Amino acid sequence: MRSWLRTGRLLASLGWEIGPPLLLTYVGVNVIAFLSPLLLALGLRPLVNGVQSRSGTSVLVGAVLIGTALLLTISAPVAYRWATVRMRERSVMVVQRRLLTLASTAPHIEHFERPDFRDRLQLLKDSSSDLVAGMSVVFIGPVVVAQIATTGTLLARLAPVLLLVPLIAIPATLLSQTGERVRRAADLRAAEANRTAQDLFGLASSAAPGKDIRMYGLREQLVDDHRRASHRTHRITEGALLRSVAIDAGTWLLFGAAYAGAALLVLWQATRRNGTAGDVALTLGLATAMVAGAGRLTDLGGSVLRVQTASQHYHWLSDQAAPRPAGSVVAAPQRLTRGITLDDVTFRYGATDSPALSGVSLRLAAGSVVAVVGENGAGKTTLVKLLCGMYRPSSGRILLDDTDLSTADLVGYRKRITAGFQDFMRFEFPLRESVGMGDLPHLTDEDRVRQALKRANATFVDRLPRGLETQLGQAWPGGVELSGGEWQKVALARSMMRDRPLLSILDEPTAALDPQTEHMLFEEVAAAARAGVEDGRITLVISHRFSTVRMADFIVVLQHGAVLEAGTHDELMAAGGLYAELYDLQAKAYR
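Residues numbered from 1 in each chain as written. Predicted model: local features only at pLDDT ≥ 70, side-chain atom pairs only at ≥ 80, totals over all residues. Heavy atoms only, no water.

A few words now on the overall build of the chain. Along the backbone of the chain there are 19 helices and ten strands. Each of the 591 residues in the chain was classed as buried or not, and the buried ones make up 46%. In the chain, the share of contacts with a sequence separation of at least 24, taken over all contacts with a separation of at least 6, comes to 75%. Of the roughly 29700 Å² that the chain leaves accessible, carbon and sulfur atoms contribute 59%. (Helix = DSSP H or I, 4+ residues; strand = E, 2+ residues; numbered from the N terminus. Buried < 20%, exposed > 50% of the residue type's maximum accessible area, 1.4 Å probe, protein only. Contact = heavy atoms within 4.5 Å. Areas by Shrake-Rupley, 256 points an atom, 1.4 Å probe, with all protein chains shown as cover.)

Let's shift gears to the packing of helix H4 (residues 115–126) against helix H7 (residues 191–204). Where H4 meets H7, the axes come as close as 9 Å, and the angle between the chain directions of the two elements is 75°. With respect to H7, the element H4 is oriented roughly perpendicular. On H7, the residues touching Pro115, Arg118, Asp119, Gln122, Leu123 and Asp126 of H4 are Ala191, Glu192, Asn194, Arg195, Gln198 and Asp199. Here the residues of the contact of H4 with H7 sort into three nonpolar, three polar and six charged. (Axes fitted to C-alpha atoms, helices over the stretch in contact; angles between N-to-C directions. Parallel < 35°, antiparallel > 145°, perpendicular 65-115°, else oblique. Nonpolar A, V, L, I, M, F, W, Y, C, P; charged D, E, K, R; others polar.)

Turning our eyes to something else, we now look at the pairing of strand S7 (residues 503–507). For S7, a buried count of five out of five residues is recorded, marking the element as mostly surrounded by other parts of the structure. Burial along S7 is two-sided: Leu503, Ile505 and Asp507 and Ser504 and Leu506, pointing in opposite directions, are all buried. In this sheet, S7 lies alongside strand S6 (residues 417–420) in parallel orientation, the contact comprising four bridges. Within S7, the residue paired with threonine 418 across the bridge is serine 504. Both S7 and strand S8 (residues 538–542) contribute to a ladder of five bridges, which runs parallel. Counted as the bridge partner of aspartate 507 is isoleucine 542 from S8. (Pairing = 2+ DSSP bridges.)

Let's shift gears to helix H2 (residues 20–53). Spanning 34 residues, H2 covers 49 Å between terminal C-alpha atoms, matching the ideal 50 Å at 1.5 Å per step. For H2, the principal kink sits at leucine 35 and spans about 25°; a proline, proline 37, occurs within the next four residues. Phi turns positive one or two residues past the end of H2, at arginine 54, with a value near 60°. (Expected span 1.5 Å × (residues − 1). Bend = angle between axes of the 7 residues up to and from the residue.)

Of note, alanine 378 is situated in the loop between strand S3 (369–373) and helix H11 (380–387). The spatial distance from the C-alpha of alanine 378 to the C-alpha of glycine 561 is 5.1 Å, given a sequence separation of 183 residues. Excluding residues within four positions of it along the chain, alanine 378 makes contact with Ala356, Leu357, Leu558, Gln559, His560 and Gly561.

Structure follows, in structure tokens:
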């Protein structure tokens, strides 16, 4: 019962967001489609009897009813097409916004890396139209039931035994729901293979992977992989579809038997002079309306299950991504006095995976510049994501002074930190917005955006045709494509928008830039960090370039997810460990 209530609330909120006038128009044109056959059937009896008995009044009544039915039948498709197109356009956008909200509401991101979450998300994308159809079920279902009840009553007045005809809707609906359950179970089993095929299609039809696909001749491989994934999907779904079609065929056999039985009965009565020609026409018309109504009811029965399935996917995803209850959240400190402490932190990406970080204990002092180095896979980016609150430690604690990050208000905390990620996003918006997004309250602050671009050494801005209003990305009209280094400077500028952050993270911030530019930028970052010492600001830099790293106050060397060494540049060089070895190797390369 609780599940149905949640489904009802979801449909009501979707309908309200789409717009009650459009929803009611859409439902109205569907209702007309059900009323037309009933009016036609009711008009046949007086028309036929009137013609037979030469009664002008009876003929007129029948003609008016039939004319009204025909007028509705002719005009309804036009209104139906308009309402359906508008409903589809609006509903797609509304459901997309819901999915966007659903996917981005959670304070953490680990759920995106779980296959079951991604499978459910793909299923919900594929079945989002079922949620829209569900809104009409709520309104159309009672109308169809009323139509069947009215038709059954009229049939019973002609012959009580015809009251059995409406009862075909019961087994027919049950059969329809059985077929829908078969399809639903198959869709869930095929979700992973279907998602694989969709991802492969996305790879082949997107610009970013295009270079690799052509360079390494991957087209045939991708096509073959897509074909195999498609075949796996088809093996599961098509077998289920055949079983479902067989069940549906049984449903329509019931309808045919009911219609034939009603027709034969009324014809038999007419031959025995127990009915008029009008009764025969009325019975056939009512039986037609009855079968159509019962067929629609079975469709609605299947729709109810599809709606329930889509709603279950929606709420399952919502539960997985749900933030903590408000009562368990505490405010992050406004400024750091001691710093950030990692206390025996271990993190695994999956329950059975080896730890990406293992037993890490560190203190990042307030007001310091900290550099983290290590080979690929050492755990540097994982550490960054933990410090940003994107993941929760599998064990151990991260303390902001005395506040445990696991209990902190992450939304408020993230407003006080900033980060330039290694896998930065290329937001294809006007340049001002692409940079200004780093501090939404100042999105339109042109002076602050220009200052951030200046700090990121983004001198290319002066060459853009419309300056800060230049559209980025060639996929858009008038759009300008930037080089890899220019995109990275835009990302750097975005990370420099926030004023006086608690924590500033730069994860390989200049990987696409030359060493000289990186050195200059790091000097800018270090100067800004030391200017904010009184605020307790911590600047964390991850870089493979040791000429940059050596300027940090504190250097952490990670290896296989554990802290191997930590100290100042001079201390680590004197220790003669891995840091000293890597520094010397890199220094020789520049000689």
